[in-house]
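# Per-entry structural report
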Amino acid sequence: MSQPMMKPADIHIEALRIAGERVYRDEVIEVTYPYTGEVIATVPKATLEDVRRAYRIARDYKPTLTRYERYKILMRAGEIIASRLDEISRTITMESGLCRKDSLYEVGRASDVLLFAANQALVDDGQVFSCDLTHHGKSRKVYTMREPLLGVITAITPFNHPLNQVIHKVAPSIATNNRMVLKPSEKTPLTAFILADILYEAGLPPQMLSVITGDPRVIADEMLTHPDVDLVTFTGGVAIGKYIAGKATYKRQILELGGNDPIIVMEDADIEEAATLAASGSYKNSGQRCTAIKRMLVHEAVADRFVELLVQKTRALKYGDPMDKSVDMGTVIDEAAAIQFERVVNEAIAGGAKLMCGNVRRGALYSPTVLDRVDPEMTVAKQETFGPVSPVIRFKDIDDAIRISNGTAYGLSSAVCTNRLDYITKFIRELNVGSVNVREVPGYRLELTPFGGIKDSGLGYKEGVLEAMKSFTNSKTYSLPW
Ligand code: NAD
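None of the values given here were measured: they were computed from a predicted structure. (Residues numbered from 1 in each chain as written. Predicted model: local features only at pLDDT ≥ 70, side-chain atom pairs only at ≥ 80, totals over all residues. Heavy atoms only, no water.)

### Digging into the site of the ligand
The environment of the ligand is formed by 29 residues, the closest being Thr157, Glu186, Gly237, Leu257 and Glu384. Residue Gly237 places a main-chain N or O atom 2.8 Å away from an oxygen atom belonging to the ligand. Burial of the ligand by the protein amounts to 88% of the accessible area it has alone, namely 860 Å². Spatially, the ligand is embedded in the largest pocket. (Near = heavy atom within 4 Å. Polar contact = N/O pair within 3.5 Å; in protein donor to acceptor, adjacent residues only side chain to side chain. Areas by Shrake-Rupley, 256 points an atom, 1.4 Å probe, with all protein chains shown as cover. 1 Å grid on protein atoms, 1.4 Å probe; cavity = no way out; pocket = protein on both sides within 12 Å on 5 of 7 lines; lining within 4 Å. Sits in = over half its atoms within 2 Å of the grid points.)

Laid out in structure tokens, this is it:
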């Protein structure tokens, strides 16, 4: 653990961005730096009238940006972000407690999202079908084209990637000429405002993006049920995701929910590589990724060696002051979350699991923690632990591994460590998940490629720039005599 290197700056008073207009409110939400608990900023609590005004402006505006103009705005925003890398990374660290290594990485990812969205804006994915294909065919052609939604998109995002979760919704919305009202997490709202300002500066018509913050109990239902909303895109936990599924009736819903992703290590695996992947997949972003490794399923023949290497790598990790650029892991989002990890880890130890290292807490700082001989039915393995905890579960054979892996409510992603093709093909067929990464962490993907889960992790509609652009558009079919 290292000691604090800097004190937070003065309290920053943030405003809503209603179609670019800065709106302040007396009622505010405090944003704290999780490492010290100090208040670093306030954001307004939007009123219902603020929310309705944001939708009214968005609905009344009809975007006319050409593909080239959208491309230019997204590319320009990427350039501005790159030029402000350090400052944005600091803001992410201050509001989330994520270490600078993580927040710098996150800003880099945002540039990738913008690059892909900009390039996809140039691509017309319309299709053409000749109609003289059968004996009763004729000389005609059927065409498809994608159009922006008639109504407005509601976007609601979680705390864990204050920039990346937001940009994965905003960039595809701009690329498809849509209008969006965004509500970032009230725990980490600051970076979303920076992003909005950058986009306005890059030339985005402000009516195409509003950012509001507030008490979800006051404003969330309006965002889900407003008649001008055509689509709700949500990333967050299962409970709220299912609430949205029930509330936002007859609106398109993209729900990216929790995960409980395994790394599965077979007896033939390169154990050094598997332990390296396991540690990075479990602790990156303080373990707060939907695709973090939350269970380690290890063949009993190699489990002792795997645990030994995992403990070594876990102990070698430097955690502490998030602003210290040499630190590998900062805090989790708040003290309440850290106390919850401590509780489920202690429950597992009381139930017979063996604590190999960690389980030390100071405020919101929770050490990387390894538990061996965990029973798959223990809370630490059955439920999503959104923090740096590595529960190792030993199994006998591949059927056992697949049964345990599929034995939770979640189905987001997975990692598989083996070189045997028979194992690989069986895992790809039989794991009930959205992604299978062989010899990679479950979180591996391009910002472009389809990503998303099934079961309680989501409805199977994917995100990633390409899929988001599809779901944010209506496909219109037309036919011409030809
Ligand atoms: P959360 O579900 O607590 O909050 C997410 C958002 O929902 C916040 O903006 C919050 O203000 C808002 N919200 C609260 N009440 C609401 C309501 N009644 N109606 C609508 N919105 C409401 O999630 P969190 O704690 O911020 O994030 C952690 C969770 O997100 C984890 O479960 C994680 O796995 C999940 N997550 C999933 C993905 C994915 O792509 N599948 C990615 C990242 C995080």
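### Topic: the layout of surface pockets
Here the largest pocket is characterised by a volume of approximately 1000 Å³. The wall of the largest pocket is formed by 42 residues, among which Phe159, Lys187, Gly236, Gly237 and Ile240 lie closest to the centre. Elements with a minimum of two residues in the lining of the largest pocket: helix H7 (216-225), strand E11 (229-235), helix H8 (238-247) and helix H11 (335-350). Taken together, the residues of the lining of the largest pocket sort by class into 20 nonpolar, 13 polar and nine charged. (Points joined across faces, edges and corners; volume = space filled by probe spheres on them. Helix = DSSP H or I, 4+ residues; strand = E, 2+ residues; numbered from the N terminus. Nonpolar A, V, L, I, M, F, W, Y, C, P; charged D, E, K, R; others polar.)

### Thoughts on the UniProt feature "domain: Aldehyde dehydrogenase" (unreviewed entry) in the chain
The UniProt record marks residues 27-477 with the feature "domain: Aldehyde dehydrogenase" (unreviewed entry), using the residue numbering of this structure. For residues 27-477, the end-to-end C-alpha separation is 48 Å, with 40% helix and 20% strand making up the annotated structure. (UniProt positions renumbered as here; feature names shortened; annotations may be inferred.)

### Here we look at empty space enclosed by the protein
Following the criterion strictly, the structure yields four cavities of 30 Å³ or more and no others. Reported here for the largest cavity is a volume of approximately 170 Å³. Lining the largest cavity are 17 residues, and of these Arg109, Gln165, Cys290, Arg445 and Phe451 lie nearest its centre. For the lining of the largest cavity, the element with the highest residue contribution is helix H5 (residues 164-175), accounting for three residues. Looking at the lining of the largest cavity residue by residue, the class counts come to four nonpolar, eight polar and five charged.

### Section: helix H2 (residues 67-83)
Its 17 residues give H2 an end-to-end C-alpha distance of 25 Å, which sits within 8% of 24 Å, the value for a rise of 1.5 Å per residue. Listing the buried residues of H2 in full gives Arg70, Ile73, Leu74, Ala77, Gly78, Ile80 and Ile81. For H2, the arc enclosing every buried residue in end-on projection is 165 degrees, short of the 170-degree limit, so these residues lie on one face. Turning to H2, the residues buried within the fold contact helix H3 (85-96), helix H4 (100-121), H5 and helix H6 (190-201). (Expected span 1.5 Å × (residues − 1). Buried < 20%, exposed > 50% of the residue type's maximum accessible area, 1.4 Å probe, protein only. Arc of directions from axis to C-beta. Contact = heavy atoms within 4.5 Å.)

### Structural notes on the nonpolar core
Residues Leu209, Ile263, Val265, Met296, Phe306 and Leu310 are the most contacted members of the largest nonpolar core, which totals 88 residues. Among the elements that make up this core, the one with the highest residue count is H6 (nine residues). Sequence-distant contacts of Leu209, defined by excluding residues within four places in its chain, comprise Arg17, Ala19, Gly20, Val170, Met180, Leu182, Ala196, Leu199, Tyr200 and Leu204. Formed by 32 residues, the second largest nonpolar core is a distinct cluster that contains Phe159, Ala337, Val344 and Ile393. (Core = buried A, V, L, I, M, F, W, Y, C linked by side-chain atoms within 4.5 Å.)

### Here we look at the sheet that holds strand E7 (residues 140-148)
Read across the open sheet, the three strands follow the order E6-E7-E24; overall the sheet is antiparallel. Sheet topology places strand E6 (128-130) and strand E24 (473-481) at the edges, where each strand pairs with a single neighbour. Strand-to-strand, the axes of this sheet are offset by a mean angle of 20 degrees, without reference to chain direction. Judged from the three bridges that link them, E6 and E7 form a sheet pairing that is antiparallel. Bridge assignment links Ser130 to a residue of E7, and that residue is Lys141. (Pairing = 2+ DSSP bridges. Axes fitted to C-alpha atoms, helices over the stretch in contact; angles between N-to-C directions.)

### Re a nonpolar patch on the surface
A cluster of nonpolar residues, Ile11, Ile13 and Tyr24, forms a patch on the protein surface that exposes about 310 Å² of accessible area. Summarising the element assignment, Ile13 is placed in strand E1 (residues 12-13). Overall, Ile13 belongs to the partly exposed group, its relative accessible area being 49%. (Patch = residues over 30% accessible without salt bridge, like charges linked within 9 Å, V, L, I, M, F, W, Y side chains within 5 Å. Salt bridge = Lys/Arg side-chain N within 4 Å of Asp/Glu carboxyl O.)

### What about the packing of aromatic side chains?
Tallied over the full model, the rule gives five aromatic pairs. Look at Tyr68 and Tyr71: their rings are 6.2 Å apart centre to centre, the planes differ by 20 degrees, and that puts the pair in the stacked class. You can see Tyr68 and its partner Tyr71 sitting in helix H2, three residues apart, about one turn around the helix. Under the relative-accessibility criterion, Tyr71 is labelled partly exposed at 22%. A ring pair is formed by Phe159 and Phe386, whose centres lie 5.8 Å apart and whose planes are at 85 degrees; its orientation type is edge-to-face. Here Phe386 lies in the loop between helix H12 (379-382) and strand E19 (389-395) and Phe159 lies in the loop between strand E8 (152-156) and H5, a separation of 227 residues in the sequence. Residue class for Phe159 comes out buried when judged on its relative accessible area of 14%. The ring of Tyr105 has Lys284 lying over it, and the distance from NZ or CZ to the ring centre is 4.0 Å. In this structure, Arg445 is placed above the aromatic ring of Phe451, and the distance from its NZ or CZ to the ring centre is 4.0 Å. (Phe/Tyr/Trp six-rings, centres within 6.5 Å; stacked < 30°, edge-to-face > 60°. Lys NZ or Arg CZ within 6 Å of the ring centre and 35° of its normal.)

### Describing the environment of Thr154
Looking at the secondary structure, you find Thr154 in strand E8. Overall, the relative accessible area of 0% leaves Thr154 in the buried class. Residues Thr154 and Leu224, spaced 70 residues apart in sequence, show a C-alpha to C-alpha distance of 7.3 Å. For Thr154, the residues in contact, after removing those within four places along its chain, are Tyr55, Val181, Met223, Val229, Leu231, Val232 and Thr233.

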